[in-house]
Amino acid sequence: MTAGQALLGSIAVGLIGSSLASNAAKRAQQAAAAAQRAQYNASLQDRNVTGLSAEAPWQVVYGNPSPIGGSLCAILSSGAKSEFKHLLVVFAAHECQAIDEVYLDGNAVGALDGLGWVTGGTFSETAEVTTTEYIVLDVNGVGTASHAISRIISTSPPSFTTAVGNAITVNPASQSPDFIIVSYAYTVTTPRVNVQKHLSPGGVDANDQFIAARTGGAWGAADRLSGYTYIWLTLDQNFARFQGGPPNVTARLRGKKIYDWRTGTTVYSNNPALCLADFITSEAGFGATTAQIDSASVIAAANAADAAGFLSDGSFKTDQARENTKQQLEDSFGATCHQSGGVWRIVAGAWTTPVLSLTDADLAAPIQIEQASYNSKERFNTVRGKYVDGGGLGVATDFTPWQNTAEVASDGLVKVKDISFAFTKDHQRTQDLARMIVERSRGGLTITYPGHMRLWPLQPGDRVSITNAEFGWAAKTFRVTDWSFHPKTPVALQMVEDVAVYYNAAAVITADAAPNTNLPSPFDTPALAGLTAASGTAQLIKQADGSIITRVLLQWVATASQYVVTGGRVQIQYRLASALDDVWQTVTLPGDAASAYISNLTDGVTYLFRARFVSQLKIPGTWATIAHQVIGKIEPPTAPSNVSLTQSLVFWAKVTDIDLAGYLIRSQPGMTGIWSRGTPLHDGIVTAMPFALNQRLYGMQTIMVASIDTTGNTSAAVSATLDFGQPDSSNFVQVSDYQARGWPGTVISLLRLRDGTLLVDRFSESVTQYREQPVNTAGGALVADALASSDEYAIADLYGEPDVYATQYDALTWTSAPFLPQYGGGTLSLNCITAGPTPTIEYRTDGDNIINLYGSADVYASTDLYGPPGAYQSWPGALTINRMVGIQWRVSIAGGSEQGKVTTFTASLAAQEGGQTFANQAISSAGTRLSPSAGIPARTWIALRSVQITPFVDGSGAIAGRLLDFNTNIGPLTQLVDNTGTAVNGTATIDLKGLVDV
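Residues numbered from 1 in each chain as written. Predicted model: local features only at pLDDT ≥ 70, side-chain atom pairs only at ≥ 80, totals over all residues. Heavy atoms only, no water.

Naming follows an unreviewed UniProt entry, where the chain appears as Tip attachment protein J domain-containing protein of Polaromonas jejuensis.

Peer 1: In this structure, what is going on with the environment of Pro354? I would like to understand it.
Peer 2: Within the secondary structure, Pro354 sits in the loop between β20 (343-347) and β21 (356-358). In this structure, the C-alpha to C-alpha distance between Pro354 and Val464, residues 110 residues apart in sequence, is 4.5 Å. If near-sequence neighbours (up to four positions away) are discounted, Pro354 is found in contact with Arg463, Val464, Ser465 and Thr477. (Helix = DSSP H or I, 4+ residues; strand = E, 2+ residues; numbered from the N terminus. Contact = heavy atoms within 4.5 Å.)

Peer 1: Help me understand the packing of helix α3 (residues 272-281) against helix α5 (residues 322-331), please; the structure alone is not making it clear to me.
Peer 2: To characterise two packed helices, one gives the angle between the axes of the helices and the distance between these axes. Between α3 and α5, whose axes approach to 9 Å, the crossing angle comes to 165 degrees. One element, α3, and the other, α5, form an angle in the roughly antiparallel class. Note that α3 runs across α5; the crossing there is left-handed. Residues Cys275, Leu276 and Phe279 of α3 form the contact with α5, whose own contacting residues are Arg322, Thr325, Lys326, Leu329 and Glu330. By residue class, the composition of the contact of α3 with α5 is four nonpolar, one polar and three charged. (Axes fitted to C-alpha atoms, helices over the stretch in contact; angles between N-to-C directions. Parallel < 35°, antiparallel > 145°, perpendicular 65-115°, else oblique. Left-handed = near helix turned anticlockwise from the far one by under 90°. Nonpolar A, V, L, I, M, F, W, Y, C, P; charged D, E, K, R; others polar.)

Peer 1: Looking at this model, I keep getting lost on the packing of aromatic side chains. Mind explaining?
Peer 2: Each pair of aromatic rings is reported with the distance of its centres and the angle of its planes. Evaluation of the coordinates by the stated rule reveals 31 aromatic pairs. Ring geometry for Trp456 against Trp483: centres 5.4 Å apart, planes inclined by 65 degrees, an arrangement best described as edge-to-face. Note that Trp456 is positioned in the loop between β26 (446-451) and β27 (463-468) and Trp483 in strand β28 (residues 473-486), a separation of 27 residues in sequence. Taking the relative accessible area as the measure of exposure, Trp456 reaches 39% and is therefore partly exposed. Geometrically, the ring pair formed by Tyr738 and Phe905 is edge-to-face, given 5.5 Å between the ring centres and 80 degrees between the ring planes. Here Phe905 lies in strand β58 (residues 901-910) and Tyr738 lies in the loop between β46 (732-737) and β47 (745-748), a separation of 167 residues in the sequence. Here the aromatic residues Tyr738, Trp743, Trp814, Phe819, Tyr843, Trp875, Trp889 and Phe905 are joined through ring pairs into a cluster of three or more. Cation over ring: Arg551 sits above Tyr597, and NZ or CZ is 3.6 Å from the ring centre. (Phe/Tyr/Trp six-rings, centres within 6.5 Å; stacked < 30°, edge-to-face > 60°. Buried < 20%, exposed > 50% of the residue type's maximum accessible area, 1.4 Å probe, protein only. Lys NZ or Arg CZ within 6 Å of the ring centre and 35° of its normal.)

Peer 1: Please explain the sheet that holds strand β13 (residues 179-191) as it appears in this structure.
Peer 2: Working definition: the strands of a sheet are paired by backbone hydrogen bonds and lie parallel or antiparallel to each other. Pairing within the open sheet is antiparallel, and its three strands lie in the order β8-β13-β10. The outermost strands of the open sheet, each flanked by one partner alone, are β8 (124-136) and β10 (149-156). Strand-to-strand, the axes of this sheet are offset by a mean angle of 20 degrees, without reference to chain direction. As defined by bridge partners, β8 adjoins β13 across 13 bridges and the pair is classed as antiparallel. Directly across from Thr130, in β13, lies its bridge partner Ala185. (Pairing = 2+ DSSP bridges.)

Peer 1: For this particular structure, what's the right way to read the pairing of β28?
Peer 2: Moving residue by residue along a regular strand, the side chains alternate between the two faces of the sheet. Where burial is concerned, most of β28 is hidden: eleven out of the 14 residues are buried. Alignment of β27 against β28, held across five bridges, turns out to be antiparallel. Bridge pairing in β28 places Asn468 opposite Trp473. Between β27 and β28, which follow one another and run antiparallel, lie four residues, and Gly472 among them has a positive phi close to 70 degrees. Two elements, β28 and strand β29 (residues 489-497), share seven bridges in a ladder whose sense is antiparallel. Following the sheet pairing, Val480 is matched in β29 by Met495. Hairpin geometry of β28 and β29 is characterised by an intervening segment of two residues between the two adjacent antiparallel strands.

Peer 1: Would you mind going over helix α7 (residues 427-441) with me for this structure?
Peer 2: Spacing of three or four residues puts side chains on the same side of an α-helix, whose turn is 3.6 residues. Given a rise of 1.5 Å per residue, 15 residues ought to cover 21 Å, and the 21 Å separating the end C-alpha atoms of α7 matches this to within 8%. The buried count for α7 comes to twelve of 15 residues, which makes it a mostly enclosed element. Every buried residue of α7 is listed here: Arg429, Thr430, Gln431, Asp432, Leu433, Ala434, Arg435, Met436, Ile437, Val438, Glu439 and Ser441. (Expected span 1.5 Å × (residues − 1).)

Encoded structure:
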């Protein structure tokens, strides 16, 4: 090791030692300062007292404090009877900006004239003097007296005369003489006080000529007090008030001119940072040179003080300990002032952004906790004390105590700090400062941060943020209070916690504004949050044997507490909600769990579930409890989706539910479908997709698909609509146009028939019926009866006008007259056009067919005579029917703002197409009739469409066949012919096609 290295090492060790020593010294100094402050606080009430002393300590005045006392350094006399006393009162041992007012026993002297005499007020006397004066008047009767007239005693010649100040006026002017003799009284003011002010501008005083001229050499022409601010106070002892001795003299000053580090000029200022810097550099303070002041810190502190509204307005005397004075100046803006490495730095009591962000990467060794907080004696929740109100006369008064109620509640008692703000004259500032003191006292976490050289530029007063995993700090802010360094050791920073809320007067009061750690307490187990329960289809489980098991899924917010996640657990309990005991079933899970399934529960029953965290220390948190009715297999399955149609197939997206038995498919005519009114298109349950339509559908149909589970619960239906077209009209063998027939049937609601349209009226007081009368058959057509005459003058139809005033319409229900199929086995279809909300079409078989008593096929069919009608069911769009089994329809349209209408209702029966074969049929030359009952199969023809005759080659010579007639009832008459067209006997195969009656 070189000598230089040894020297450097000794210096570094000395720095560390001096740092530790300085900490101890600072504590001792703080204790001494506290004692001195207490002494100062006790004597604060004497600040405005002027004492007689030739060796008084210097007094320094900063800012514009309330009236302060001075030192009475000399008393001189003058006058024939020594009735004038001249008092030399020194207020400051430096140049001041101004002496704004002088007070004697608390009374302001007031305005002074050019010679320094008072011009009125408390310290002058007035007397009334009378005189008689010859006054010349002008043409207006106005003249001027020598004195301001207080009252007119008499005039000569007698006249009506008024006076304002020195002016007198004779009225009327036309009768005024050229002059007038006036006896009047006036007031004479005698000043009893004279004040000569001396500010020592530029540090140089001027001789007081007023005193020198009156003291006969006691204060000579060359006598002066350069560098002091003082007054010569002259008292006229003829004034009774001064005959008991000199009064207490105070003055309101604008104090010392100080150096502004921001502008480089020396000016009057009450900025606390500039005042503190002046004190540190002054002879009365620490005598530091400007090079020993961190100018950047002074500028920053001065600007921060201006922004916060802090001022220093007060005075001190040099016999007061300088540490005490420094502390008082610091208190005026909550500042701290550090000397480190021979340089003074000032940090204002205002928040500034951290200059550096430190993480664990900056650590050279573990952080050391020097103290977790200030001790109990240094922690306060209330501050009370005194200040000198700037609007008063310099007398100390109590400021309103400031208290953090949250901290009082936390502490369980009121912990008071007494303080006096020597340089604060504004009450609001005392509150801001008191708050800062309380909040700072609640912190006190002090650490030593051993870091790498990146920390070298930091200085006391700098703020940094620290993120540290060990202590759970996330950008926790600290203020550097000291530092030390050795080449073989890290940079050691001493820091104290410091947060913005300490300095924010508008911040919400909390019990601890700067927690020492963000880590949770191991003794505070978090409450379990977000507990929910679900037990529907999604929670079911399918066993290997195919059985479906109900489960309840409990979920909650997983905890981030390591005291639960590592070594802790989640405890779940459940029981019947209706249970009268308090017996619970318990399930225990690892601490990091966030869900659990509970099985062996009954569908439809309500259970209570509760859960909580238990820490690794076996400390349980609070229960979270919910009630839940188990749904299980009660919940309908998921509805299918994406239904699509072709003329023969139904497609949909399969459901993936565990508990799924299959699908149900129904149809309903029209653009909308209602599941309960739909017609099933299959038996049992559909399990495959697509589904092939096993019956022919006609017209606009809505096909509905629903899921069904193993319990029989069905989902909501999902539908698609497709126009399946109409039956082949060429096959129609029976058509009934109900509109053309005048709507035979029964109508429930007051209706009108307008232009052949069935309308629901807005009136509902009566019922109009349209009924079918016995009819006649004419050429196979069904002729309906006319309207009943009683319906011709329905009130709403009196003038055949539309319902222009209708806003709501009744529901419409029309039941048709039965449609009686004349043929069996055909397909019955409808062409129905409606308007209005949710129209539905239903049908039933008619039970009473007595009107067909003489139908040849039904004469003895007892089942058709008096059978009961069937139940109404949804119209499937088309129906295969039996001959002479009546079909009756019911059309329903809901009421509402749209008028219900049935404009078209036509039933059409399309006969079934069929064929028949006569094989090896012998045909005579005279013709052979093919009986419908003789062919294969036997038929009852409604209409024949074609007859195909194929002769056998049997030597008969027949080459073709021909029809002699086309009778459908007894069969066609056929004949064979040869190549000459001559009828011959022969054999043929004959195929017939047409419409059949089944």
